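Structural description and commentary
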Amino acid sequence: MPNPKSFTLHSTQAVGWIPFFKQLKDLPQTNAYSDYAKLSWKNKKACDYLFFSGNEPDLTDSILSSSSDFDKFLDKSKNYRGALALRNIILTSNANNVKELFCETLPKGKSIGYTPYRNLISRSLKVFSYQKGVGGRGSEYEPSIRYDETGVYVTHTVLFRIGHIGNLAAKLLTGQFAPKMKMRVDYEIRHDGHYAVLFSGSYIPNQKWHLNGHGAWSHDMMKNKLHEIVSIFNANGKSSIAKGNYPSHKIDIL
Amino acid sequence: MNGNTNTRQQSTWAFRLFFQALKRLFVNNRKEFLGQLTEYLQSDMLVPLTKNEERFVHVKSYDTRHYFLNIEVFISFELHKNKGAQVVLSALAKKAAKEDHKYHFVIEPGLEITGGQLLYYTFSNLTSFENNRKDFIQFIQEEYSSIEDIREENTYYWNILKQSKDNNTTSEIPE
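Because the structure is a prediction, the values reported are computed rather than measured.

Glancing now at the overall build of chain B. For chain B, the count of helices and strands is four helices and six strands. Along chain B, helices and strands appear, N-terminal first, in the series α-β-β-β-α-β-β-β-α-α. Taking the intrachain contacts of chain B between residues at least 6 apart in sequence as the baseline, contacts between residues at least 24 apart amount to 68%. When the accessible surface of chain B is summed, it comes to about 10800 Å², and 53% of that surface belongs to carbon and sulfur atoms.

Below, the structure written as structure tokens:
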């Protein structure tokens, strides 16, 4: 009986956060959020609350490069909105075409980050409370796997809310429920041993993606276009998870 | 003399009232809230998704956090068509610490395994238990993704990978 072949894939680690701006006038000169804010009072409030509840991330590339440092960061720091990891991925081919796949995600609940609460009236920079998610809510899809004629596919997704004032308060003040954000990773391991990794995430928040300990992709939400911002804020907590409506990046590993 | 006694009595009453208010806020309210929540989480917890569809909540882990002004109970749970086993919350709290984020799949050609949705929610005694319960149901209705939805989404993204197989758009190869 042949020995099983074992194949270790590159790990993915990613984090998402909202950049902090004390006031809308502090936003960079060229950005579509200012244009969105000009459309209505509610839009202006939504943008204002979003950036005033921004994170001041104490995140370095070296933290994302190591799984133990990343875990420590998620345990201690409250300056992230959402996080994802798919690591220690080992694919084993046994006899009779049976394959075994081992993988790890983040410990349960760690993928949901925090919203910093500051004093909206005094506009103080001091954070008086960090709330997990918006009202501590979100979800994740546990890994899915498919084995077909092309190869083996593996995926993992996390979903979380962003906002300043909680879901119901967001609805009252801005007319919209807090938008639902997403980060997702897909692996395609072909029969010839080549594999590809596809990172996808919602237009908001900022994201940094590391593969095998190296920076692989990042998304800067300040570069979003007006229609992308509209699609997020008008999703009303639901349709923002529509498939395909996301920036993504594919990497081939030969 | 009488004036001093009256002032002392008033101070004592004021202190008692203040102490009672604090006790109500920090002790009784928390106990009552935790009692209601425990009872709720240990009930069948059937949540309506639409007019014709409903799901049972299966609580997977439970974590109580005590803050100066309030308490929060963070739970993870799944939604199923069938009723779950009766939960013992203290045991669940211990279970949450286990390494249940490690996966092992055995798969044959043509097979697909779709991972389910694990949801997270935080109850807080800053609002009434009834408000928490209503908000919890609303959250489930907004957040729920069926296995069919997840499978459809997986197919969409895996097709992107399949279609771009011969059309490499990226040359970055991390060492």
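Counting residues at the interface gives 51 residues for chain B, matched by 66 residues for chain A. At the boundary of chain B with chain A, total buried surface from both sides reaches about 5700 Å², with 53% on carbon and sulfur atoms. In this assembly, chain B and chain A are joined by eight salt bridges. Note that Asp148 of chain A and Lys162 of chain B form a salt bridge whose closest N and O atoms lie 2.7 Å from each other. One can count 33 residue pairs in polar contact (both at pLDDT 80 or more) joining chain B with chain A. Contributions of two or more residues to the side of chain B that touches chain A are made by β3 (71-80), β4 (102-107), β5 (112-113), β6 (117-124), α3 (129-143) and α4 (147-163) of chain B. Residue contributions to the side of chain B that touches chain A peak at eleven residues, all from α4 of chain B. Residues that form the side of chain B that touches chain A fall into these classes: 21 nonpolar, 15 polar and 15 charged. Strand direction decides the pairing type here: strand β7 (residues 138-147) of chain A and β5 of chain B, joined by two bridges, are antiparallel. Within β5 of chain B, the position partnered with Arg146 of chain A by the bridge is Glu112 of chain B.

All names here are of chain A. Among the residues of helix α1 (residues 32-39), those classed as buried are Ala32, Tyr33, Tyr36 and Ala37. Projected onto a plane normal to the axis of α1, the buried residues spread over an arc of 145° and lie on a single side. In the core, the buried residues of α1 are packed alongside α2 (41-52) and α6 (226-233).

Glancing now at the pairing of strand β2 (residues 12-17) of chain A. Residue and element names in this part refer to chain A. Most of β2 sits out of view: six of its six residues are buried. By the alternation rule, side chains of β2 split into Thr12, Ala14 and Gly16 and Gln13, Val15 and Trp17, which are all buried. Sheet analysis places β2 next to strand β3 (residues 82-93), joined by five bridges and oriented antiparallel. Bridging across to β3, Val15 finds its partner in Ala83.

Tallying each qualifying case throughout the model produces 22 aromatic pairs over all chains. Considering the side-chain rings of Tyr80 of chain A and Tyr114 of chain A, the 6.0 Å spacing of their centres and the 80° angle between planes classify their relative orientation as edge-to-face. Taken together, the positions of Tyr80 of chain A in the loop between α4 (67-76) and β3 and Tyr114 of chain A in strand β5 (residues 114-118) put the pair 34 residues apart, joining distant regions of the chain. Following the ring pairs from residue to residue traces out a cluster consisting of Phe33, Tyr40, Phe77, Tyr121, Phe123, Phe129, Phe136 and Phe139 of chain B. Residue placement shows Arg123 of chain A over the ring face of Phe52 of chain A; its charged tip is 4.6 Å from the ring centre.

Residue and element names in this part refer to chain B. Per-residue confidence for chain B gives a mean pLDDT of 81, with 78% of residues at or over 70. Taken element by element, chain B is modelled with least confidence in helix α2 (residues 89-95), mean pLDDT 65, and with most confidence in β5, mean pLDDT 96. Across residues 167-175, confidence stays below pLDDT 50; counting only partners more than four residues off in sequence or on other chains, it has 18 contacts. Among the scores for the predicted complex, ipTM is 0.87 and pTM is 0.85.

Another point: the packing of α1 of chain A against α6 of chain A. All names here are of chain A. Two elements in contact, α1 and α6, have axes separated by 9 Å at closest approach and are oriented at 60°. Taken together, the axes of α1 and α6 lie oblique to each other. Handedness of the α1/α6 crossing: right-handed. Within the contact between the two elements, α1 uses Ala32, Tyr33, Asp35 and Tyr36 and α6 uses Leu226, Ile229, Val230 and Phe233.

Looking now at the packing of α1 of chain A against α2 of chain A. Residue and element names in this part refer to chain A. Between α1 and α2, whose axes approach to 6 Å, the crossing angle comes to 140°. Compared by their axis directions, α1 and α2 come out oblique. Two secondary-structure elements touch here, α1 through Tyr33, Tyr36, Ala37 and Leu39 and α2 through Asn43, Lys44, Cys47 and Phe51.

This part is about unusual backbone geometry. Residue and element names in this part refer to chain A. With omega at 5°, the peptide bond leading from Ile204 into Pro205 counts as cis. With respect to the helices and strands, the residue Pro205 is situated in the loop between β10 (195-201) and β11 (206-211). Not every positive phi belongs to a glycine, and Asn97 is a case in point at roughly 65°. By the secondary structure assignment, Asn97 is in the loop between β3 and β4 (99-104).

In total, this model carries 24 salt bridges over all chains according to the counting rule given. Here Glu143 of chain B makes a salt bridge to Arg161 of chain A, at a shortest N to O gap of 3.1 Å. Highlighted residues: Glu143 of chain B in helix α3 and Arg161 of chain A in strand β8 (residues 151-161), drawn from two different chains. For the pair shown, Glu143 of chain B and Arg161 of chain A are each scored as buried. Overlapping salt bridges bring together Arg146, Asp148 and Glu149 of chain A together with Glu112 and Lys162 of chain B as one network.

What counts and how
Residues numbered from 1 in each chain as written. Chains lettered and ligands numbered in written order. Predicted model: local features only at pLDDT ≥ 70, side-chain atom pairs only at ≥ 80, totals over all residues. Heavy atoms only, no water. Helix = DSSP H or I, 4+ residues; strand = E, 2+ residues; numbered from the N terminus. Contact = heavy atoms within 4.5 Å. Areas by Shrake-Rupley, 256 points an atom, 1.4 Å probe, with all protein chains shown as cover. Buried area = accessible area lost by both parts, 1.4 Å probe. Salt bridge = Lys/Arg side-chain N within 4 Å of Asp/Glu carboxyl O. Polar contact = N/O pair within 3.5 Å; in protein donor to acceptor, adjacent residues only side chain to side chain. Nonpolar A, V, L, I, M, F, W, Y, C, P; charged D, E, K, R; others polar. Pairing = 2+ DSSP bridges. Buried < 20%, exposed > 50% of the residue type's maximum accessible area, 1.4 Å probe, protein only. Arc of directions from axis to C-beta. Phe/Tyr/Trp six-rings, centres within 6.5 Å; stacked < 30°, edge-to-face > 60°. Lys NZ or Arg CZ within 6 Å of the ring centre and 35° of its normal. pLDDT = per-residue confidence, 0-100. Axes fitted to C-alpha atoms, helices over the stretch in contact; angles between N-to-C directions. Parallel < 35°, antiparallel > 145°, perpendicular 65-115°, else oblique. Left-handed = near helix turned anticlockwise from the far one by under 90°.

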